[in-house]
Amino acid sequence: MKKIIILIALLMMTGCTAPTAETPEEPPVVEAPVDVHPEEQETDTDKSNEEDKDLTEEDIIASIDMSLNPNELGEIMILMYHGVGPEESVWQRTPDNFRKDLEYMYQNGYRMISLNDYAKGEIKTEAGFTPIILTFDDGRQNNFNFIEVNGEMVLDPDCAVGIMEEFKNKYPDFNVTASFFLGTNPFGQKEYAQEKLDWIIDNGYDLGNHTYSHNEMSKLNSDEIQIEIGSVNNIIKQYLPDYVVETLALPHGSNPKDEFIESMLKGEYEGNKYETIAVLDVGWRPSYSPFDTLTNFNSLYRVTASEINVDNCGIYDYFKSYEDNIRERFISDGNPDVVTIPKRHSEYLNMDIVEDRLVNVYE
Ligand SMILES: [Zn+2]
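What you are looking at is a predicted structure, and each value in this text was computed from that prediction instead of being measured.

Conventions used here
- Residues numbered from 1 in each chain as written.
- Predicted model: local features only at pLDDT ≥ 70, side-chain atom pairs only at ≥ 80, totals over all residues.
- Heavy atoms only, no water.
- Helix = DSSP H or I, 4+ residues; strand = E, 2+ residues; numbered from the N terminus.
- Buried < 20%, exposed > 50% of the residue type's maximum accessible area, 1.4 Å probe, protein only.
- Contact = heavy atoms within 4.5 Å.
- Areas by Shrake-Rupley, 256 points an atom, 1.4 Å probe, with all protein chains shown as cover.
- Donors = N, O, S within 2.8 Å, 3.2 Å for Na, K, Ca; no water.
- pLDDT = per-residue confidence, 0-100.
- Salt bridge = Lys/Arg side-chain N within 4 Å of Asp/Glu carboxyl O.
- Pairing = 2+ DSSP bridges.
- Right-handed = clockwise from strand over helix to strand, strands pointing away.
- Phe/Tyr/Trp six-rings, centres within 6.5 Å; stacked < 30°, edge-to-face > 60°.
- Axes fitted to C-alpha atoms, helices over the stretch in contact; angles between N-to-C directions.
- Left-handed = near helix turned anticlockwise from the far one by under 90°.
- Nonpolar A, V, L, I, M, F, W, Y, C, P; charged D, E, K, R; others polar.
- Parallel < 35°, antiparallel > 145°, perpendicular 65-115°, else oblique.

As for the overall build of the chain
At step 1: Assigned secondary structure in the chain consists of 11 helices and 16 strands.
At step 2: Per-residue burial over the chain gives 54% buried out of 363 residues.
At step 3: Restricting the contact set of the chain to residue pairs at least 6 apart, pairs at least 24 apart contribute 68%.
At step 4: By element, 47% of the accessible surface of the chain is carried by carbon and sulfur atoms, the whole surface being about 16700 Å².

Here it is as structure tokens:
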């Protein structure tokens, strides 16, 4: 990925100190913008990226299409799905309703991003569109099912993955992806577990942790938490030795006691270490932008992807509130290295997540 490292002081707007520049793995290419103080610039020797060589801060800002009203401190919905099956319930969408959801998202300017990218502030969404994140808890068979057709095992076109693949083909710019939060039995059909997990990773989806026993974290101590998380990671590791699980969906939305949060974020079990960069609650409202100081990556909000018994907190309640401009959704500026925000929100900008990205504030 192109890295344009330009440090600008947002001191006047945020009261934050200037971001500290960590040395990136690949040295970035920077042409010094004329109006940036010399001590705030990264010098750089790698001139391999000719394309960016002559871009100044002004060039980059000027390339943002402001007519699309970018707002990178708007809300992002992390949708909480469980099953996709014949009976509609709070915890299950029918195949037709799941298709309806996806069609709505596509037609109304939503484009999918991965939870992992959200947690890293890497928003690659096309300019003018709103990122949206799909998550599935419990690793149910109806998330990813094989069925027999003419003696051959094929992807069930009505399971969650089957429907998402349908939309991937229908709308290539939808950027179809999702995170599946697994327990001990990934997607049922144990004889196909290896095939399924390989396929998931090869086809642009992600895996997360939903703990071993599905117990409430609030009742567990540090050792128990490490067993709960570590043992599921180790199960996934048996199938995918190189895959790193970085995300966790809390069973029942139950957060650990404050003194044990560290064990949830970092731990070790049977010689394997883990680090968690995003932890999901059970849904009831949209998340904030990753660049928002209100975002707590240890306890991220989700929206229940249901239309029944959700007390005005279901998926279409929020879709409608964005349509009616009651809430503000994240609108991408199209450049992952720039964070474009309206000035009225600038006090909420979290420079720890913005890091070395260029900030573009407008009135
Ligand atoms: Zn669950």
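Here we look at the coordination of the zinc ion
At step 1: Those donors, D138 (OD), H210 (NE2) and H214 (NE2), are the protein atoms that reach the zinc ion, and they lie 2.1 Å from it.
At step 2: Along the chain, the residues donating to the zinc ion fall in the pattern D-x71-H-x3-H. Of this pair, D138 sits in the loop between β5 (130-137) and β6 (146-149) while H210 sits in the loop between β9 (206-209) and α8 (222-239); the two residues are 72 residues apart in sequence, bridging distant segments of the chain.
At step 3: Under the relative-accessibility criterion, D138 is labelled partly exposed at 26%.

Examining the confidence of the model for the chain
At step 1: When pLDDT is averaged along the chain, the result is 88; 85% of the residues meet or exceed 70.
At step 2: Contacts from residues 1-48, a stretch scored under 50 in pLDDT, to residues over four places away or in other chains number 78 contacts.

Looking at the pattern of salt bridges
At step 1: By the definition in use, this model includes 20 salt bridges.
At step 2: Note that R111 and D173 form a salt bridge whose closest N and O atoms lie 3.8 Å from each other. With a gap of 62 residues between them, R111 in strand β4 (residues 110-112) and D173 in the loop between α6 (160-170) and β8 (179-182) connect regions that are remote in the sequence.
At step 3: Among the residues examined, R111 registers a relative accessible area of 6% and is labelled buried.
At step 4: According to the relative accessible area criterion, D173 is partly exposed, its value standing at 35%.

A closer look at unusual backbone geometry
Excluding glycine, residues mostly carry a negative phi; peptide bonds, for their part, are mostly trans.
At step 1: Positive phi, close to 70°, is recorded for T211, a residue that is not glycine.
At step 2: Following the sequence through the fold, T211 ends up in the loop between β9 and α8.
At step 3: Here H252, not a glycine, exhibits a phi torsion of approximately 60°, which is positive.
At step 4: The residue H252 is located in the loop between β10 (247-249) and α9 (261-265) in this model.

Topic: the pairing of β8
At step 1: Residues S179 and F181 point to one face of β8 and F180 and L182 to the other, with burial holding for every one of them.
At step 2: Strand direction decides the pairing type here: β5 and β8, joined by 3 bridges, are parallel. Bridged to D137 within β8 is F181.
At step 3: Examined bridge by bridge, β8 and β9 share 4 bridges and lie parallel to one another. Bridged to S179 within β9 is D206.
At step 4: The parallel pair β8 and β9, bridged by helix α7 (residues 193-202), forms a crossover whose chirality is right-handed.

Overview of the packing of aromatic side chains
For any two aromatic rings, the description comes down to two numbers: the centre-to-centre distance and the angle of the planes.
At step 1: Counted under the stated rule, the structure contains 22 aromatic pairs.
At step 2: Measuring from ring centre to ring centre gives 5.2 Å for Y106 and F174, while their planes differ by 70°; the resulting arrangement is edge-to-face. Highlighted residues: Y106 in helix α4 (residues 95-107) and F174 in the loop between α6 and β8, separated in sequence by 68 residues.
At step 3: Residue class for Y106 comes out buried when judged on its relative accessible area of 15%.

Section: the packing of α4 against α6
At step 1: Interhelical geometry of α4 versus α6 gives an angle of 35° and a closest axis separation of 10 Å. Once α4 is placed against α6, the crossing between them reads as right-handed. Where α4 approaches α6, its residues P95, F98, R99, L102 and E103 are matched on the opposing element by A160, I163, M164, E166, F167 and K170.
At step 2: A class-by-class count of the residues in the contact of α4 with α6 yields 7 nonpolar, no polar and 4 charged.

Quick notes on the environment of D137
At step 1: On the secondary structure map, D137 appears in strand β5.
At step 2: Separated by 73 residues in the primary sequence, D137 and H210 have C-alpha atoms spaced 7.0 Å apart.
At step 3: Sequence-distant contacts of D137, that is, excluding residues within four places in its chain, are made with M80, Y81, H82, N143, F181, H210, A249 and R302.

Notes on helix α10 (residues 315-323)
At step 1: Inspection of α10 places I315, Y316, Y318, F319, S321 and Y322 among the buried residues, and these make up the whole buried set.
At step 2: Looking at the buried positions of α10, the neighbouring elements they touch are β1 (77-81), β3 (92-93), α4, β4, β5 and β14 (303-304).
At step 3: Following α10 by one or two positions, N325 adopts a phi angle in the positive range, close to 60°.

Here we look at the packing of α4 against α10
At step 1: The geometry of α4 relative to α10 is characterised by a closest axis approach of 12 Å and an angle of 15° between their N-to-C directions. Here α10 runs roughly parallel to α4, going by the angle between their axes. When you trace α4 past α10, the crossing you get is left-handed. Where α4 abuts α10, its residues K100, D101, Y104 and M105 lie against I315, Y316, F319 and E323.
At step 2: In terms of residue class, the contact of α4 with α10 is built from 5 nonpolar, no polar and 3 charged.

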